[in-house]
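# Understanding the architecture of this molecule
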Amino acid sequence: GIRRAADFVAQCGAQLSGIVTLNYDLLVEYGLGSKGFNYGCPGEVLKGRGPYPVSQWRNPVTLTGRLPLAKLHGSISWDFRGRYTDGRRGLTGKALIVAPTPDKHPPLAFKDQWDLSQQILERASRILVFGFAFNEYDEAVLVHFREAGRYVKEVAIVDVSSRTEAARRLWPQAEIQWFRPPTGSGELRDWLRTAR
């Protein structure tokens, strides 16, 4: 999964200006590596060790990538004391996440991530959406996407079933296309290459 995530981001190329996710897992982080992304603050030092036991005090893991990654529902690698190099907070049940329940609202602890997402979406003219069902109970996220993405001109949705009507309610001004997985399809590659 990590290699596929990294390959997919590489396929998107230079036109990728940010990632907004609702997932708590570390797939994107591990796929990009610490030199490939940041949580809105390039140069942020993560807690915990890197690949070697003495790495934290000698060579701390620092997020130096140019690509902003906004995690609206938190991460299994975060808690109230900071952001870590691994997902142990998820294993201990102390992760800083928004649980999958109806009527979710972002806690104050995620304000920086929602602000970062807003910046990413406000600058975007094209959005690629996958793994998002546009569920009505995600009202806070839907409102956020609609308001922050008001300048979006094109939306590509990768899903097993069409979500174009739900997307049209969020971005009525946008041209919306739907692609079936796998994400490596020729049609999607063509869409990714045709930046306007």
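All of the points below concern the structure found in this document. The written sequence of each chain sets the order in which its residues are numbered from 1. At least 70 in pLDDT is required for a residue's local features to be given in this predicted model, at least 80 for side-chain atom pairs to be given and counted, and no such filter applies to totals for whole chains, interfaces and linings, which use all residues. Only hydrogens and water are set aside; all other atoms, that is, all heavy atoms of the structure, feed into the side-chain values.

### Digging into the overall build of the chain
Note the threshold: For the purposes of this entry, the term helix denotes a DSSP run of H or I that reaches at least four residues, the term strand denotes a run of E that reaches at least two, and both are numbered from the N terminus. Atoms considered for the radius of gyration are the C-alpha atoms alone. The globule rule reads 2.2 Å times the number of residues to the power 0.38. Relative accessibility under 20% of the residue-type maximum defines a buried residue, over 50% an exposed one, and the middle range a partly exposed one, all with a 1.4 Å probe and only protein chains included. We call two residues in contact whenever any of their non-hydrogen atoms come within 4.5 Å of each other. In this description, accessible areas are obtained by the Shrake-Rupley approach with a 1.4 Å probe, and a residue is regarded as covered only by the protein chains that are shown. Lys and Arg are tallied as positive, Asp and Glu as negative. Neither His nor the chain termini are counted. Note that the charge is assigned to NZ on lysines, CZ on arginines, CG on aspartates and CD on glutamates.
Scanning the chain for helices and strands turns up eight helices and 12 strands. What you see for the chain is a C-alpha radius of gyration of 17 Å, in line with the 16 Å of a compact globule of 196 residues. The burial tally for the chain puts 44% of its 196 residues in the buried class. Taking as baseline every contact in the chain between residues at least 6 positions apart, the subset at least 24 positions apart corresponds to 65%. Surface accessibility of the chain: about 11100 Å² in total, with carbon and sulfur atoms responsible for 55%. Of the charged side chains in the chain, 27 are positive and 20 negative, and the gap between their average positions amounts to 7 Å.

### Re a nonpolar patch on the surface
The cut-off we apply is this: Exposure above 30% relative accessible area and the lack of any salt bridge qualify a residue for a patch; like charges then connect within 9 Å, and the nonpolar side chains Val, Leu, Ile, Met, Phe, Trp and Tyr within 5 Å. The salt bridge criterion pairs a side-chain nitrogen of Lys or Arg with a carboxyl oxygen of Asp or Glu, the two atoms within 4 Å.
A cluster of nonpolar side chains, contributed by Ile2, Leu27 and Tyr30, occupies part of the molecular surface with about 260 Å² of accessible area. For Ile2, the position within the fold is in helix H1 (residues 2–12). Given the relative accessible area of 40%, Ile2 is considered partly exposed.

### Focus on the pattern of salt bridges
Within the structure shown, the criterion is met by 10 salt bridges. Between Glu165 and Arg168 there is a salt bridge whose closest N-O contact spans 2.9 Å. One end of the pair is Glu165 and the other is Arg168, both in helix H7 (residues 164–170) and three residues apart, which spans about a single turn. The class for Arg168 is partly exposed, based on a relative accessible area of 34%. Several salt bridges share partner residues, and in doing so they unite Glu44, Arg83 and Asp112 into one network.

### Regarding unusual backbone geometry
Phi angles above zero are rare outside glycine, and Phe134 is one such case at about 55°. With respect to the element layout, Phe134 can be found in the loop between strand E10 (126–130) and helix H6 (139–148). The buried category is assigned to Phe134, whose relative accessible area is 7%.

### Comments concerning the nonpolar core
Note the following rule: Take the buried Ala, Val, Leu, Ile, Met, Phe, Trp, Tyr and Cys residues and link them wherever side-chain atoms come within 4.5 Å; each set so joined is a nonpolar core.
In terms of nonpolar packing, the biggest core is built from 45 residues, with Val129, Phe132, Phe134, Phe145, Val155, Trp171 and Leu188 touching the most fellow members. Per-element accounting of this core gives the leading share, five residues, to H6.

### Considerations on the packing of helix H5 (residues 111–123) against H6
Quick note on the threshold: Only the contacting stretch of a helix is used when fitting its axis, a line to C-alpha atoms as for every element, and angles between N-to-C directions run 0 to 180 degrees. In what follows, roughly perpendicular refers to angles from 65 to 115 degrees, roughly parallel to angles under 35, roughly antiparallel to angles over 145, and oblique to any angle outside these ranges. In this classification, the charged set is Asp, Glu, Lys and Arg, the nonpolar set is Ala, Val, Leu, Ile, Met, Phe, Trp, Tyr, Cys and Pro, and all remaining amino acids, among them Gly, are polar.
The geometry of H5 relative to H6 is characterised by a closest axis approach of 8 Å and an angle of 40° between their N-to-C directions. As far as their axial angle goes, H6 and H5 are oblique. Facing Trp114, Ser117, Gln118, Leu121 and Glu122 of H5, the residues of H6 in contact are Ala140, Val141, His144, Phe145 and Ala148. Taken together, the residues of the contact of H5 with H6 sort by class into six nonpolar, three polar and one charged.

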